Amino acid sequence: MELKPEIIKKIELLEEKFAATGQDISSYLDGLLYADYLTYWDYIHLDTLLTMQSPKTNFPDEKIFIIYHQITELYFKMMLHEYEQISNCEENNAVFMIARLTRINRYFENLTMSFDVMIDGMEPEQFHKFRMSLLPASGFQSVQYRMVEICSTDFINLVAKDVRDNYSMMENVTIEELFNHIYWKAGATELATGKRTLTLIQFEERYSQQLIELANKNKNTNIWNLYKCLNEEDQKNDNLIIAMRQLDVNVNINWPLCHYKSAVKYLQKDPEDIKATGGTNWQKYLPPRFQKRIFYPELWSDEDKDSWGKNWVKSVVFGLA
């Protein structure tokens, strides 16, 4: 059989490629000849993936709860992959950043749109029973979500609102010191005693050092710093500003308020609210209007910042116009 010219050309290119590394192309061709065809199930490790759900009870809806949280973590992993591409790009520009931020926004919007799986996809009676077997585990302990936050903004914007201004005026403040005042600590602290919940203790023991290292690494390569390093024309790019503002809304309004809506349905009961599985103070921790956590305050008006998250709560949670 006579080989087509394009096949011969590709073989020659492959021979050059392997010769440059001192390798013999014939050995690699033997490997290609003997190897089995790749299958879909082997490529994505389907059998392993489908066995990674281990409910703690016999309530059927617990498996839905597990699978959706696993899907969420896979989306977070895709987001972090995009952040890594942006931070590692040697010649960042508005076009590249818009493309990657658009992907991240799309991932978040898919999660937000699918959150009805959690809000309406489980029987409250089942949830209230199987949740008791999950203590003290909590979605609060999602380290990848914390990584998304750290990669998005200057670390000062993640400091608790009541002390943020104090530290923003200080020079040479360390990430380690700021980390002591990270906003999420208050969400897993008992209001009556001021003590850390076991949920927070577990999380900090496992991930604090890793998160501090990531924050130090991303001092100059988080999205805000990379934006400020762009030329003046790129910084004024309307599409880039829109993408960054949308990221701010997706991470700091839409996503936490999806959880708030779920908590209202499953945990808000008269005469008193039920504690979340990890003991998190969800009534104060989830609503953005209390946290005022904003990645890019310079891109928003004072009016926008003053009303941060309020319209969403009125229209979506309470059904008001």
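What counts, and at which threshold
Residues numbered from 1 in each chain as written. Predicted model: local features only at pLDDT ≥ 70, side-chain atom pairs only at ≥ 80, totals over all residues. Heavy atoms only, no water. pLDDT = per-residue confidence, 0-100. Contact = heavy atoms within 4.5 Å. Patch = residues over 30% accessible without salt bridge, like charges linked within 9 Å, V, L, I, M, F, W, Y side chains within 5 Å. Areas by Shrake-Rupley, 256 points an atom, 1.4 Å probe, with all protein chains shown as cover. Salt bridge = Lys/Arg side-chain N within 4 Å of Asp/Glu carboxyl O. Helix = DSSP H or I, 4+ residues; strand = E, 2+ residues; numbered from the N terminus. Buried < 20%, exposed > 50% of the residue type's maximum accessible area, 1.4 Å probe, protein only. Lys, Arg positive; Asp, Glu negative; His and termini not counted. Charge placed at Lys NZ, Arg CZ, Asp CG, Glu CD.

## Points about the confidence of the model for the protein chain
At step 1: For the protein chain, per-residue confidence averages 88 on the pLDDT scale, and residues scoring 70 or more make up 89% of the total.
At step 2: In this model, residues 314-321 is a region of pLDDT below 50 whose contacts with residues beyond four sequence positions or in other chains number 9 contacts.

## Focus: a nonpolar patch on the surface
At step 1: Together, Met-1, Leu-3, Ile-7, Ile-8 and Ile-11 make up a nonpolar patch on the protein surface, roughly 500 Å² of accessible area in all.
At step 2: Note on placement: Leu-3 falls in the segment before helix H1 (5-19).
At step 3: With relative accessibility at 39%, the residue Leu-3 sits in the partly exposed group.

## Concerning unusual backbone geometry
At step 1: Across the junction of Leu-135 and Pro-136, the peptide omega takes the value 0 degrees, indicating a cis bond.
At step 2: Residue position: Pro-136 is located in the loop between helix H8 (124-130) and helix H9 (143-152).
At step 3: Residue His-45 is not a glycine yet carries a positive backbone phi of 50 degrees.
At step 4: Within the secondary structure, His-45 sits in the loop between helix H3 (40-43) and helix H4 (46-49).

## A word on a negative patch on the surface
At step 1: On the surface, Glu-12, Glu-15, Glu-16, Asp-24 and Asp-30 cluster together to form a negatively charged patch.
At step 2: By the element assignment, Asp-24 lies in the loop between H1 and helix H2 (25-34).
At step 3: Judged by its relative accessible area of 43%, Asp-24 falls in the partly exposed class.

## Concerning the side chain of Lys-185
At step 1: In this structure, Lys-185 sits in the loop between helix H11 (175-179) and helix H12 (198-217).
At step 2: The residues contacting Lys-185, other than those within four sequence positions of it, are Phe-179, Asn-180, Leu-200 and Glu-204.

## Quick word on the pattern of salt bridges
At step 1: One pass over the structure, following the stated rule, counts 8 salt bridges.
At step 2: Glu-82 is the salt-bridge partner of Arg-100, the closest N and O atoms lying 4.0 Å from each other. Here the residue Arg-100 occupies a position in helix H6 (residues 94-114), and Glu-82 occupies one in helix H5 (residues 61-88), the gap between them amounting to 18 residues. The residues Arg-100 and Glu-82 share a single accessibility class, namely buried.
At step 3: When the shortest N-O distance is used, the salt bridge between Glu-149 and Arg-146 registers 3.7 Å. Of this pair, Glu-149 and Arg-146 both sit in helix H9, 3 residues apart, roughly one helical turn.
At step 4: Overall, Glu-149 belongs to the buried group, its relative accessible area being 0%.
At step 5: Taking relative accessible area as the criterion, Arg-146 reaches 1% and is therefore assigned buried.
At step 6: Within this structure, Glu-82, Arg-100 and Arg-103 form a network of salt bridges that share partners.

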